[in-house]
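# A structural walkthrough
Residues per chain, in single letters:
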Amino acid sequence: MTSSSSSSQLPADNKVVMFVKRPGENNPPTVDCFDVIPIDSPSESDITSEQCIVRTLFLSVDPAQRCRMNTSTGVEYLGPYEIGEPVDGMEGVGIVERAGSASTLQVGDLVTGCIRLWTWTKYFVVDSTDLVKVNLPSTFSPSVILSCAGLSGITALLGIRKKAKIDRTRPQTIVVSGAAGSCGSLAGQIARIEGCTTIIGICGSDEKCKVLKEEFGFDAAINYKTESISGRLDRLAPDGVDIYWDNVGGRVSDEVIEMMNPNGRIVLCGQIAVYNTDLPYPPPLPDHTVQILKERNIERERYLVLTYKDEMDEAIAQLSEWLQQDRIKVKETIYDGLASAPHAFVDMMTGKNIGKMLIRP
């Protein structure tokens, strides 16, 4: 086993986030569901010729991780966390610190995952083939790989293109719930690029409403905690809602669906309002809402971005182009240090982030 790097030791201050307690299917997650413990940093002797050691630069924090805290995730593509095992997340970005002699990567390469989840730790050993090298303009932080050109952005772009079915020949109104989060904020902006004429966001604070309008270019924003969704939509969308990007489910979605036009489309992206319950995914709807969907011929299909694996590279290229052209903007909420990871996750689940929630180990 050899390495292409110098023999200097990596810093010893490595940590890992462990999963130590299930919150219960009908309870919100709490900080004490996790523990952050010190571990040894890997060394050159720990890697084979085809492996490398990566230093994590940023970790993605995602609502889907809540499902993994239960004994069953309810989905076939994600397994549950096991008590006493390290936490891994949907995505991360890092830099290669050591590389084996037969590795496809070199020291200094910026990398992200392609077929593996990303362990919540600072230094770790990984097969080089499980990573993909990223070329990023020097003016951008590596974090944009997660906040724009990663799963959030891919989900937003392909969801709009595959499920929203925007008709450019006539005015179209889209409503986005969870609009101040990473995926929602991008979905609204992409809908504009793809031809929607009116973009309305729903979020949980006046600060977020301001960001949606002033920074993300939404036409209007509704604070669901202090305003009537149906009352505001009556005024903001007098001709009705054509497309609904659903990130939350629950009461918010029921009120939006009431205002939808015949032959409307619902992009069922997430249901964070019911992630702390034992309801199936997607959760059942009230009878009245089901009746509306049927009578108005509204499409509501579960959307899973992994269905479009073959189109992800093209989506990343498009997102990168728009980002560099300043046609889409991103915001990030960053918590520093692995010790802050449990708080970052809990805060993300209660909507304290604007844009992408990230951890910088």
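Our structure is the block above this text.
Since the structure is predicted, the reported quantities are computational estimates derived from the model, not experimental observations.

This structure, assessed with the given rule, holds six aromatic pairs. Note on Trp118 and Phe124: the rings are 5.2 Å apart at their centroids and 80 degrees apart in plane angle, and the pair reads as edge-to-face. No difference in accessibility class separates Trp118 from Phe124, as the two residues are buried. Residues Trp245 and Tyr303 carry aromatic rings whose centres are separated by 6.4 Å and whose planes lie at 70 degrees to one another, so their mutual orientation is edge-to-face. With Trp245 in strand E14 (residues 241–246) and Tyr303 in the loop between strand E16 (299–302) and helix H9 (312–324), this pair connects stretches of sequence that are 58 residues apart. Using a relative accessible area of 0% as the deciding quantity, one classes Trp245 as buried. Joined through ring pairs, the aromatic side chains of Phe19, Phe34, Tyr81 and Phe345 make up one cluster.

Take the sheet that holds strand E2 (residues 34–39) next. Pairing within the open sheet is antiparallel, and its three strands lie in the order E2-E1-E4. This sheet does not close on itself; its edge strands, each paired only once, are E2 and strand E4 (85–86). Pairing between strand E1 (residues 14–19) and E4: two bridges, direction antiparallel. Paired with Met18 across the strands is Pro86, a residue of E4.

Spatial strand order, E13-E12-E11-E14-E15-E16: six strands in an open sheet with parallel pairing. Of all strands in the sheet, those with a lone pairing partner are strand E13 (220–223) and E16, marking the two edges. When the angles between neighbouring strand axes are averaged without regard to direction, this sheet yields 15 degrees. Bridge analysis of strand E12 (residues 198–203) against E13 gives four bridges, and the strand direction is parallel. Bridge pairing links Cys203 to Asn223 in E13. Most of the contacts of helix H6 (residues 229–236) go to E13, to which it runs at about 165 degrees, and overall it touches strand E11 (173–177), E12, E13 and E14.

Where helix H7 (residues 250–258) is concerned, the buried positions are Val252, Ser253, Asp254, Glu255, Val256 and Ile257. If you follow the buried residues of H7, they end up packed against E11, E12, H6, E14, strand E15 (260–268) and helix H8 (287–295).

With that settled, consider H8. Among the residues of H8, those classed as buried are Thr289, Ile292 and Leu293. Seen along its axis, H8 keeps its buried residues to an arc of 100 degrees; they face one direction. Among the exposed residues of H8, those pointing more than 90 degrees away from its buried face are Asp287, Lys294 and Glu295. Check the buried side of H8 and you find it contacts H7, E15 and E16. One or two positions beyond H8, positive phi appears at Asn297, with a value near 55 degrees.

Mapped onto the elements of the fold, Ser253 is located in helix H7. Residue classification places Ser253 among the buried residues on the basis of a relative accessible area of 3%. Along the backbone, Ser253 and Val176 are 77 residues apart, and their C-alpha atoms lie at a distance of 9.8 Å. Not counting residues within four places of it along the chain, the set of residues in contact with Ser253 comprises Tyr244, Asp246 and Val248.

The rules we used
Residues numbered from 1 in each chain as written. Predicted model: local features only at pLDDT ≥ 70, side-chain atom pairs only at ≥ 80, totals over all residues. Heavy atoms only, no water. Phe/Tyr/Trp six-rings, centres within 6.5 Å; stacked < 30°, edge-to-face > 60°. Buried < 20%, exposed > 50% of the residue type's maximum accessible area, 1.4 Å probe, protein only. Helix = DSSP H or I, 4+ residues; strand = E, 2+ residues; numbered from the N terminus. Pairing = 2+ DSSP bridges. Axes fitted to C-alpha atoms, helices over the stretch in contact; angles between N-to-C directions. Contact = heavy atoms within 4.5 Å. Arc of directions from axis to C-beta.

Function-wise, these values are silent; they only describe arrangement.
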